[in-house]
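# Observations on the three-dimensional arrangement
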Amino acid sequence: MRAEDVLADQQNQGQFNGVTVRKGTVAAFLANARLWLDETASVAERTIAERDILDALPALHALGLFDIVQVRDAALSELVARPAA
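Residues numbered from 1 in each chain as written. Predicted model: local features only at pLDDT ≥ 70, side-chain atom pairs only at ≥ 80, totals over all residues. Heavy atoms only, no water.

In this structure the tally under the stated criterion is 3 salt bridges. Notably, a salt bridge pairs Arg2 with Glu4, separated by 2.6 Å at the nearest N-O pair. Between Asp52 and Arg51 there is a salt bridge, and its shortest N-O distance comes to 3.0 Å. (Salt bridge = Lys/Arg side-chain N within 4 Å of Asp/Glu carboxyl O.)

In structure tokens:
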């Protein structure tokens, strides 16, 4: 399956397990996770990255990302395992 088989080029979002997921959600999570784990990042940058990670969790869980991908960093694993607020 290719990306365009999941969301056509002209589509920006889709419904997955009852949750609207925007195109780019997984890529944004990866970028935010890298920043959140970066010891040279500022507290402000890490705080924004954490908020964005938490905001994306419903979509990431709806996609089943963490059913397939295991987060190796213990702190990040704990963050993504938090129950929805």
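Where helix H2 (residues 25-37) contacts helix H3 (residues 43-63), the two axes come as close as 9 Å, and the packing angle between them is 145°. Both H2 and H3 take part in a crossing whose hand is left-handed. Contact residues: Thr25, Val26, Phe29, Asn32, Ala33, Leu35 and Trp36 in H2; Glu45, Arg46, Ala49, Glu50, Asp52, Ile53, Ala56, Ala59, Leu60 and Leu63 in H3. Split by residue class, the contact of H2 with H3 holds 11 nonpolar, 2 polar and 4 charged. (Axes fitted to C-alpha atoms, helices over the stretch in contact; angles between N-to-C directions. Helix = DSSP H or I, 4+ residues; strand = E, 2+ residues; numbered from the N terminus. Left-handed = near helix turned anticlockwise from the far one by under 90°. Contact = heavy atoms within 4.5 Å. Nonpolar A, V, L, I, M, F, W, Y, C, P; charged D, E, K, R; others polar.)

Across its 21 residues, H3 extends 29 Å between first and last C-alpha, which sits within 8% of the 30 Å expected from 1.5 Å per residue. The largest bend in H3 amounts to roughly 45° and is located at Leu57, with the proline Pro58 lying one to four residues further along. Among the residues making up H3, those that are buried are Ala49, Ile53, Ala56, Leu57, Ala59, Leu60 and Ala62. Check the buried side of H3 and you find it contacts strand E1 (13-16), strand E2 (19-22), H2, helix H4 (65-68) and helix H5 (74-80). At the exit of H3 stands Gly64, carrying a positive phi of roughly 80°. (Expected span 1.5 Å × (residues − 1). Bend = angle between axes of the 7 residues up to and from the residue. Buried < 20%, exposed > 50% of the residue type's maximum accessible area, 1.4 Å probe, protein only.)

It is worth spelling out the side chain of Thr25 at this point. With respect to the helices and strands, the residue Thr25 is situated in helix H2. If we skip the residues at most four places from it in the chain, Thr25 touches Ala56, Ala59 and Leu60.

So, on to the nonpolar core. Phe29, Trp36, Ile53, Leu60, Phe66, Leu76 and Val80 are the most contacted members of the largest nonpolar core, which has 14 residues in total. Mapped onto this core, the elements with two or more residues apiece are H2, H3, H4 and H5. The biggest single contributor to this core is H3, with 5 residues. Every residue in contact with Leu76, bar those within four places of it in the chain, is listed here: Ala33, Trp36, Leu37, Ile53 and Val71. (Core = buried A, V, L, I, M, F, W, Y, C linked by side-chain atoms within 4.5 Å.)

What is shown is where atoms sit, not what they do.
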